[in-house]
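Report on the structure
Listed below are the residues making up each chain.
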Amino acid sequence: MADLFTIEEFASYLHQDVDTSSATVARRIASGWLKSATGLIDFTAPIDDQLFAWGLELAAIAFRNPDGVASES
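Since we're looking at a predicted model, the values are computed, not measured. (Residues numbered from 1 in each chain as written. Predicted model: local features only at pLDDT ≥ 70, side-chain atom pairs only at ≥ 80, totals over all residues. Heavy atoms only, no water.)

1. Focus on the overall build of the protein
The number of helices and strands found in the protein is three helices and zero strands. For the protein, the α and β elements follow one another from N to C terminus as α-α-α. For 73 residues, the compact-globule estimate of 2.2 N^0.38 gives 11 Å, and the protein sits close to it at 12 Å. For the protein, the proportion of its 73 residues judged to be buried stands at 32%. A sequence separation of at least 24 residues applies to 69% of the contacts in the protein between residues at least 6 apart. Split by element, the accessible area of the protein, about 5100 Å² in all, is 53% carbon and sulfur. Across the protein, the mean location of the 4 positive side-chain charges is 6 Å away from that of the 11 negative side-chain charges. (Helix = DSSP H or I, 4+ residues; strand = E, 2+ residues; numbered from the N terminus. Rg over C-alpha atoms; globule rule 2.2 N^0.38 Å. Buried < 20%, exposed > 50% of the residue type's maximum accessible area, 1.4 Å probe, protein only. Contact = heavy atoms within 4.5 Å. Areas by Shrake-Rupley, 256 points an atom, 1.4 Å probe, with all protein chains shown as cover. Lys, Arg positive; Asp, Glu negative; His and termini not counted. Charge placed at Lys NZ, Arg CZ, Asp CG, Glu CD.)

2. A look at the nonpolar core
Formed by 20 residues in total, the largest nonpolar core has its most connected members in L4, F10 and V18. Breaking this core down by element, the ones donating at least two residues are helix 1 (7-14), helix 2 (20-38) and helix 3 (49-64). When residues in this core are grouped by element, the largest group, six residues, is from helix 3. The contacts of L4, once residues within four sequence positions are left out, are R27, A30, S31, L34, F43, I47, L51, F52 and G55. (Core = buried A, V, L, I, M, F, W, Y, C linked by side-chain atoms within 4.5 Å.)

3. Thoughts on the environment of A2
Position of A2 among the secondary structure elements: in the segment before helix 1. Overall, the relative accessible area of 13% leaves A2 in the buried class. Considered as a pair, A2 and I47 are 45 residues apart in the sequence and their alpha carbons are 7.4 Å apart. Once you skip the residues sitting within four places of it in the chain, A2 turns out to touch F43, T44, A45 and I47.

4. With respect to the confidence of the model for the protein
The predicted model of the protein has a mean per-residue pLDDT of 91, with 92% of residues at 70 or higher. The element-level mean pLDDT for the protein is lowest in helix 2, coming to 95, with helix 1 highest at 97. (pLDDT = per-residue confidence, 0-100.)

5. What to know about the side chain of S31
Of note, S31 is situated in helix 2. If sequence neighbours within four positions are ignored, S31 has contacts with L4 and F43.

Here it is, written out as C-alpha cells:
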C-alpha cells in the first residue's frame, strides 16, 4: 500500500508546520474517502497525480475542520 503523500508534502501544501499525528490522521481520512469514492482497495506506487491532488485537498479539509463544523464564527 502506498501513501497518497508524505507528511512533508502535506506541510508544504498547507504552508505551515504540522504535527505528524494529526497529519497522519488527515491522510488516513483522505485515503478512506478516496477509496470509498473510487472503489479502490489500495493505492499503488507511484501515486497518480490526480489521486495525489485530491488526497492533499481532502486531507487539508479534514485537518482544518476535524469536527466537520459547517461554519466558523
